[in-house]
Amino acid sequence: MEKALDTATLESWYNENNEKYTPFSAEIEKLLSILIDQEGIHCHSIVHRVKTKESYLKKCETKAYSDPAKQVMDLAGVRIIAYTNTDVIKICNIIDREFDVDNGNSIDTATRLDTNKVGYLSVHKIIVLNKERLDLAEYSRFRDLKCEIQVRTMLQHAWAEIEHDRGYKFNGVLPPEIKRRLYLIAGVLEVMDYEFQQIADDIDQHAQSVQEKTKKGDLNIPIDSSSLMAYLQKKITTSHVDATLNNCDDMIIRELNGFGISTLQELDALFTEKILTYLSSEDVDSSYLGILREIMMLTDTQKYFSDAWNQNHWNGITDDDYFILKKYGLDTEHFPDFLLK
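What counts, and where the lines are drawn
- Residues numbered from 1 in each chain as written.
- Predicted model: local features only at pLDDT ≥ 70, side-chain atom pairs only at ≥ 80, totals over all residues.
- Heavy atoms only, no water.
- Helix = DSSP H or I, 4+ residues; strand = E, 2+ residues; numbered from the N terminus.
- Contact = heavy atoms within 4.5 Å.
- Areas by Shrake-Rupley, 256 points an atom, 1.4 Å probe, with all protein chains shown as cover.
- Lys, Arg positive; Asp, Glu negative; His and termini not counted.
- Charge placed at Lys NZ, Arg CZ, Asp CG, Glu CD.
- Expected span 1.5 Å × (residues − 1).
- Buried < 20%, exposed > 50% of the residue type's maximum accessible area, 1.4 Å probe, protein only.
- Salt bridge = Lys/Arg side-chain N within 4 Å of Asp/Glu carboxyl O.
- Pairing = 2+ DSSP bridges.
- Phe/Tyr/Trp six-rings, centres within 6.5 Å; stacked < 30°, edge-to-face > 60°.
- Patch = residues over 30% accessible without salt bridge, like charges linked within 9 Å, V, L, I, M, F, W, Y side chains within 5 Å.
- Axes fitted to C-alpha atoms, helices over the stretch in contact; angles between N-to-C directions.
- Parallel < 35°, antiparallel > 145°, perpendicular 65-115°, else oblique.
- Left-handed = near helix turned anticlockwise from the far one by under 90°.
- Nonpolar A, V, L, I, M, F, W, Y, C, P; charged D, E, K, R; others polar.

**Student:** Just give me the short version of the overall build of the protein, but keep the residues and values in it.
**Tutor:** Of regular secondary structure, the protein possesses 14 helices and six strands. With the principal axes as the frame, the protein shows a C-alpha extent of 90 × 55 × 40 Å. Nonlocal contacts in the protein, meaning residues at least 24 apart in sequence, comprise 74% of its contacts between residues at least 6 apart. Surface exposure of the protein reaches about 19600 Å², of which carbon and sulfur atoms provide 49%. Averaging the locations of the 39 positively and 57 negatively charged side chains of the protein gives two centres separated by 7 Å.

Shown next, in the form of structure tokens:
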């Protein structure tokens with residue numbers, strides 16, 4: 001067994017090697033962001049960090065390190081905070097596929113808890129870059145460097161912050177009755193994680209059901225975010241249209257409701273020959289959000305501005321867009337002049 005290094009030597013090693021771990025952890029964060037985005041997974045955050053000297057030396061006090069380059073696993077770190085447990089699993093699968101994972105030093109803290117216990121939950125994977133990436137010039141300088149990737153949900157992260165924050169009152173030795181209440185919160189957060197997952201699954205099933213119904217021509221479906229997007233993706237196929245509601249789902253659905261549209265069947269009735277001619281033209285340069293408003297304005301300008309339009313939603317239009325809509329039948333008499341920019 002090799003002799004443990006003294007504190008001065010361990011500190012000297014940190015000073016000599018710390019700088020190369022900063023770009024390494026940043027590159028791992030960047031790479032993970034790309035890989036996760038390619039899979040269509042949305043995360044709350046992905047951040048990198050390098051362990052401070054103080055934190056490193058404090059850990060060294062409890063570890064008999066003889067070779068920090070091989071034994072220090074978490075000098076570089078990336079933390080991924082996902083929304084659901086399913087996303088955590090998907091992200092871990094990406095990590096297993098794209099990196100060389102040191103399974104012997106990686107942990108899933110859930111496996112450490114007895115079935116009748118609650119507490120800190122998180123997946124910690126120790127990785128190095130695989131040969132394919134190390135053969136690339138931009139990654140070759142990171143050979144043999146290790147990084148700890150933590151993956152957890154938002155609620156797991158909330159508990160981790162409470163449990164690990166040494167400077168706050170929730171940490172430390174507490175009276176049994178207070179400690180019990182604190183761990184009851186951990187149990188509640190875990191239950192909430194499962195409930196969020198169930199809701200996410202239900203939303204996915206609802207979206208799938210809407211897609212299947214719309215494909216069959218069944219449009220007697222109430223308008224909500226999922227049903228509206230599924231319908232628009234099938235109905236509007238113009239390549240230069242931005243296929244998004246710009247995170248304004250609630251806003252445009254309120255406008256549609258104000259216009260008297262509450263089902264996909266009622267919305268479909270607005271797609272008259274005039275509207276379809278407009279949508280098939282090169283004049284259309286908008287998003288789903290803009291197109292829905294343009295359809296309502298072209299259908300009944302007066303009704304849109306009296307019943308659906310809200311100046312807090314939008315309050316101006318360019319001359320070019322005005323004249324394009326006028327070309328396709330906008331009722332200029334009932335279009336508010338003050339909206340022209």
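**Student:** Requested: an account of helix α7 (residues 176–215), with residues and values cited.
**Tutor:** Given a rise of 1.5 Å per residue, 40 residues ought to cover 58 Å, and the 59 Å separating the end C-alpha atoms of α7 matches this to within 8%. Turning to α7, its buried residues are Leu182, Ala186, Gly187, Leu189, Asp193, Gln197, Val210 and Thr214. In this structure, the buried side of α7 is in contact with α4 (85–98), β6 (147–153), α6 (154–164), α8 (225–235) and α10 (264–268). Phi turns positive, to about 90°, at Gly217, one or two residues after α7.

**Student:** Can you break down the pattern of salt bridges residue by residue, with the values?
**Tutor:** In total, this model carries 12 salt bridges according to the counting rule given. A salt bridge links Arg79 to Glu161; the shortest N-O distance between them is 4.0 Å. Here Glu161 lies in helix α6 and Arg79 lies in strand β2 (residues 76–82), a separation of 82 residues in the sequence. Of the residues examined, Arg79 reaches a relative accessible area of 27% and is grouped as partly exposed.

**Student:** Help me get a handle on the pairing of strand β5 (residues 123–128), residues and values and all.
**Tutor:** Taking burial as the measure, the six residues of β5 include five buried ones, the bulk of the element. Sheet analysis places strand β3 (residues 100–101) next to β5, joined by two bridges and oriented antiparallel. Bridge assignment links Val101 to a residue of β5, and that residue is Ile127. For strand β4 (residues 107–108) and β5, the ladder comprises two bridges, and the chain directions are antiparallel. Across the sheet, Asp108 pairs through a bridge with Val123, a residue of β5.

**Student:** Just give me the short version of the packing of aromatic side chains, but keep the residues and values in it.
**Tutor:** What the rule picks out here adds up to 15 aromatic pairs. Ring geometry for Trp309 and Phe338: centres 6.2 Å apart, planes at 55°, overall tilted. Taken together, the positions of Trp309 in the loop between α13 (301–308) and α14 (319–327) and Phe338 in the segment after α14 put the pair 29 residues apart, joining distant regions of the chain. Among the residues examined, Trp309 registers a relative accessible area of 17% and is labelled buried. Residue classification places Phe338 among the exposed positions, given a relative accessible area of 60%. Taken together, the ring pairs connect Tyr304, Phe305, Trp309, Trp314, Tyr322, Phe323, Phe335 and Phe338 into an aromatic cluster.

**Student:** Describe in detail a negative patch on the surface, supporting the description with residues and values.
**Tutor:** The grouping of Asp285, Asp319, Asp320 and Asp321 at the surface amounts to a negative patch. Among the secondary structure elements, Asp321 is positioned in helix α14. Residue classification places Asp321 among the partly exposed residues on the basis of a relative accessible area of 36%.

**Student:** Requested: an account of the side chain of Thr84, with residues and values cited.
**Tutor:** Among the secondary structure elements, Thr84 is positioned in the loop between β2 and α4. Since its relative accessible area comes to 9%, Thr84 is described here as buried. What Thr84 contacts, discounting residues up to four positions off in sequence, is Thr153, Phe196, Gln197 and Ala200.

**Student:** Run through the packing of helix α1 (residues 7–38) against α4, naming residues and quoting values.
**Tutor:** At a closest axis distance of 10 Å, the pairing of α1 and α4 adopts a crossing angle of 120°. Here α4 runs oblique to α1, going by the angle between their axes. Where α1 crosses over α4, the handedness of that crossing is right-handed. Between α1 and α4, the contacting residues are Leu32, Leu35 and Ile36 on the first element and Ile91, Ile94, Ile95 and Glu98 on the second. Tallied by class, residues from the contact of α1 with α4 come to six nonpolar, no polar and one charged.

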